[in-house]
Amino acid sequence: MEADLKPLEFEGIRRLLERLCATPFGADAARHLAPAPSIDAARRLQAAITAARGGLESGEGPILPELPDVRAAIRQVAAPGAALAGTAFRNLARVLRVGEQLRPYVEKRPELLPTGPDRLDAAADLLPLIEAALLPNGSVREDGNAALRQLHGELKSAREQVREALQGYLRRPGARIHWSGQRACLHLPDGVADQIRGVRRGAGPGGHGYLVEPMERVADNNRLERLAGAIAQENQAILRALSDAGRERLSGLQHLVESLTWVDLALAGAQLSIHLHGKAAEMVDAPVLVLEEAYHPQLILAYAEQHGPQPRPLSVHLDADCPILVITGPNSGGKSVSLKTVGLLTVMAHCGLHLPVGGRAVIGNFTRIFVDMGDPQSVAFALSTYSGHVEVLKRLLAAADDHTLILLDELGTGTDPEEGAALAMAVLDQLAERGVRGMVTTHLAPLKAFADTHACLRNASMRFDQDRLEPTYELQIGVPGHSLGLLIAARRGLPEDLISKAQAYLARLHHH
């Protein structure tokens, strides 16, 4: 599906999902979430979210821990001859363990991972190799192999011999043993350093005194460095062997990350579904749209956090009998919010997310959602508001077909009202002939009469409480709305004589 996501504010849904993800892979998937390439793909994520929600609500889980990002390490291990750092293997081990731990959950709820549980532990036999070679902090174990055991034994013995040999120097005032890497030195205060024949290795800790390596110990320290170098080489050989083992299991590691990404996204979608009291929409091939008691997700969350009023439910039904709704009514009555709600929920369904609806939710296989909201004028490209709308209509008419959903706000505005209405009628005629589904808002009175007699159009309006001068945000199908501009102006305090004169002019305009 192609969709204009920005005017529908889908980015807000992405951010919500990203915050609910536990892993960097899932968070990336949430940031780039888009409508699925097919209805079947959307259904698979729907089913995974349903399974994940069932596990969360029953207390069975799973709950993913925070995990390190191992994707760079997997890319690195793919290169022949690479040797990953021990910390990279430590991170891989954490991810491999979580993959093993997830398998029972997926076996119990297969819909949680459509590719099956085998991908979670396809590289699990790498884990004992890592644990046998490395400590939990990523350092190579001293007993990682026979050569390392011997080298570490020699190094410890040699260090102890050097330490004992330096004991005689500690009779000097303030003298202490200090290790500089593998070299044993004496830390001597000023005035004492000159009494020792040796090599100065710089200032002491904190800039106090000097480090002196006695000449008699230089050969011993050289041996210590050779042993340490041999250990480093052996450590690198172990890391390279582990990297080779990882390369042999490269596809398994990649499948593990892909599986964790999917499960993390499904769990985030399940948490969002719980917050929104959502449910999976019925995804169908026909271009129909049924939303009963639907809510805009952001309005629900704002109300839950006591940052907004209680939202009102919206019910919309678009099919062959009622393809296009023409919505009228006063400003601030909720027309634009209705369009955004329908568009956003349709996109969410095509992404596989659950929808906040109290009744049925049926979403058709729309291959394109076309949105025109806001003021499309551009100073940079010298486009007026009207010219901007015309450019949008050109793109719409070039691509719209019977699987297109349109959401057009204030169709026909930006020019002479009669010409704008005439253009809107012609556009709606063409769209209706192509079997397009959608919703159009307008303030142009001629469009109400046009919709009333057109076979493919249906009037609708946002109900307005005229006594309290407040919108109710309730969509009424089959009832045209009124702008109520003069009534609202009078109730807001404009002078009575001004309103009376305006009403007289309005009567003359209607007469003509």
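Residues numbered from 1 in each chain as written. Predicted model: local features only at pLDDT ≥ 70, side-chain atom pairs only at ≥ 80, totals over all residues. Heavy atoms only, no water.

Chemist: Help me out: how do you make sense of the overall build of the chain in this one?
Modeler: A tally of regular secondary structure across the chain gives 16 helices and 15 strands. For the chain, the spread of C-alpha atoms along the principal axes amounts to about 115 × 55 × 40 Å. In the chain, the proportion of contacts linking residues at least 24 apart, taken out of those at least 6 apart, comes to 70%. Split by element, the accessible area of the chain, about 24700 Å² in all, is 51% carbon and sulfur. Of the side-chain charges in the chain, 53 are positive and 60 negative, and the distance between the mean point of each set is 9 Å. (Helix = DSSP H or I, 4+ residues; strand = E, 2+ residues; numbered from the N terminus. Contact = heavy atoms within 4.5 Å. Areas by Shrake-Rupley, 256 points an atom, 1.4 Å probe, with all protein chains shown as cover. Lys, Arg positive; Asp, Glu negative; His and termini not counted. Charge placed at Lys NZ, Arg CZ, Asp CG, Glu CD.)

Chemist: Help me understand the pairing of strand β2 (residues 176–180) in this model?
Modeler: A regular strand places its side chains so that they alternate between the two faces of the sheet. Across five bridges, the pairing between β2 and strand β3 (residues 183–188) is antiparallel. Opposite W179, over in β3, you have A184 as the bridge partner. Hairpin connection, β2 to β3: the antiparallel pair is bridged by two residues, and G181 has positive phi, about 70°. (Pairing = 2+ DSSP bridges.)

Chemist: What's the story with the state of the cysteines in this structure? I'm lost.
Modeler: The term disulfide refers to a covalent linkage connecting the sulfur atoms of a pair of cysteines. In the structure shown here, the tally under the stated rule is zero disulfides. Free of any disulfide, C21 has its nearest cysteine sulfur in C351, 13 Å distant. With no disulfide partner, C456 has as its closest neighbouring cysteine sulfur the one in C322, 9.9 Å distant. (Disulfide = S-S within 2.5 Å.)

Chemist: For this particular structure, what's the right way to read the sheet that holds strand β6 (residues 282–283)?
Modeler: In a beta sheet, neighbouring strands are held together by backbone hydrogen bonds and run either parallel or antiparallel to one another. Spatially, four strands are ordered β6-β10-β7-β8 in an open sheet, and the strand pairing comes out mixed. Of all strands in the sheet, those bounded by a partner on one side alone are β6 and β8 (314–318). Pairing of strand β7 (residues 289–294) with strand β10 (residues 361–363) involves three bridges; the strand directions are antiparallel. Residue pairing in the sheet places L289 in a bridge with I363 of β10. Here helix α11 (residues 335–351) sits on the sheet in contact with β6, β7, β8 and β10, set at roughly 115° to β7. (Axes fitted to C-alpha atoms, helices over the stretch in contact; angles between N-to-C directions.)

Chemist: Whenever I open this one, unusual backbone geometry confuses me. Can you help?
Modeler: Glycine aside, residues mostly have negative phi angles, and peptide bonds mostly take the trans form. Cis geometry is found at the peptide bond from G61 to P62, where omega equals 10°. Along the polypeptide, P62 turns up in the loop between α3 (39–58) and α4 (71–77). Unusually for a residue other than glycine, H277 sits at a positive phi of about 55°. The residue E293 is not glycine, and still its phi comes out positive at about 55°. Mapped onto the fold, E293 is located in strand β7. Residue classification places E293 among the partly exposed residues on the basis of a relative accessible area of 41%. (Buried < 20%, exposed > 50% of the residue type's maximum accessible area, 1.4 Å probe, protein only.)

Chemist: For this particular structure, what's the right way to read helix α1 (residues 10–20)?
Modeler: Every α-helical turn comprises 3.6 residues, leaving residues that sit three or four positions apart pointing alike. Listed as buried for α1 are F10, G12, I13, R14, L16 and L17. Among the structural elements, α2 (24–31), α9 (250–276), α10 (297–304) and α11 are those in contact with the buried residues of α1.

Chemist: Explain the sheet that holds β3 here, please?
Modeler: Taken together, four strands build an open sheet; the order of strands is β2-β3-β5-β4 and the sheet is antiparallel. In this open sheet, the two strands that pair with only one neighbour each are β2 and β4 (198–203). With direction set aside, neighbouring strand axes in the sheet form an average angle of 40°. Those strands touched by helix α8 (residues 218–248) are β2, β3, β4 and β5 (210–214), and its axis lies near 130° from that of β3.

Chemist: Can you help me understand the pattern of salt bridges in this one?
Modeler: For side chains bearing opposite charge, pairing can occur when the charged atoms are close. Counted by the stated rule, this structure contains 26 salt bridges. R368 is paired through a salt bridge with E2; the nearest N and O atoms lie 3.8 Å apart. With a gap of 366 residues between them, R368 in strand β11 (residues 368–372) and E2 in strand β1 (residues 2–3) connect regions that are remote in the sequence. Residue classification places R368 among the buried positions, given a relative accessible area of 17%. Ionic pairing is found between D125 and R249, a salt bridge with its closest N-O pair at 2.8 Å. (Salt bridge = Lys/Arg side-chain N within 4 Å of Asp/Glu carboxyl O.)

Chemist: Looking at this model, I keep getting lost on the confidence of the model for the chain. Mind explaining?
Modeler: Any segment with low pLDDT has predicted coordinates that should not be analysed in fine detail. On average, residues of the chain score 88 in pLDDT, and 91% of them reach the 70 mark or higher. Predicted confidence in the chain is weakest over helix α15 (residues 485–491), with a mean pLDDT of 63, and strongest over β10, with 98. Note on residues 376–383: pLDDT is under 50 here. Beyond four places in sequence and across chains, it has nine contacts. (pLDDT = per-residue confidence, 0-100.)

Chemist: So what exactly am I meant to see when it comes to the environment of L253 here?
Modeler: When you line up the elements, L253 lands in helix α9. Note on L253: relative accessible area 2%, which makes it buried. As a C-alpha pair, L253 and A421 span 168 residues in sequence and 60 Å in three-dimensional space.

Chemist: Please clarify how the side chain of H152 should be interpreted in this entry.
Modeler: Topologically, H152 is positioned in helix α7 (residues 146–166). Leave out the neighbours within four places in its chain, and H152 touches E142 and I231.

Chemist: How should I be thinking about the nonpolar core in this particular structure?
Modeler: If you look at soluble globular proteins, the nonpolar side chains tend to sit buried side by side. Grouped together as the largest cluster of nonpolar side chains are 117 residues, with contacts concentrated most on L291 and L355. If you tally residues by element for this core, the top one is α9, at 13 residues. Setting aside its immediate chain neighbours within four residues, L355 contacts H277, G278, K279, A281, L291, L345, M348, A349, A361 and I363. Ranked by size, the runner-up nonpolar core spans 22 residues in total, among them V392, A400, L411 and A421. (Core = buried A, V, L, I, M, F, W, Y, C linked by side-chain atoms within 4.5 Å.)

Chemist: Quick question: what am I supposed to make of the environment of L291 here?
Modeler: The topology assignment puts L291 in strand β7. When the C-alpha atoms of L291 and G81 are compared, they prove to be 57 Å apart, with 210 residues separating the residues in sequence. Once residues lying within four places of it in the same chain are set aside, the contact partners of L291 are L314, S315, V316, V342, L345, L355, V357, R360, A361 and I363.

Chemist: Looking at this structure, how should I read the packing of aromatic side chains?
Modeler: Each aromatic ring pair is characterised by the separation of its centres together with the angle its planes make. Inspection of every chain in the model, using the stated rule, returns zero aromatic pairs. Geometry around W179 places R159 over its ring, the cationic atom sitting 3.9 Å from the centre. Over the face of the ring belonging to Y210 we find R200, whose NZ or CZ atom lies 4.4 Å from the ring centre. (Phe/Tyr/Trp six-rings, centres within 6.5 Å; stacked < 30°, edge-to-face > 60°. Lys NZ or Arg CZ within 6 Å of the ring centre and 35° of its normal.)

Chemist: Help me understand the packing of helix α6 (residues 126–133) against α8 in this model?
Modeler: Look at α6 against α8: their axes get within 10 Å of each other, and the N-to-C directions meet at 175°. In terms of their interaxial angle, α6 and α8 are classed as roughly antiparallel. Each of L126, L129, I130 and A133 in α6 lies in contact with α8, whose residues at this interface are I238, L242, A245 and G246. (Parallel < 35°, antiparallel > 145°, perpendicular 65-115°, else oblique.)

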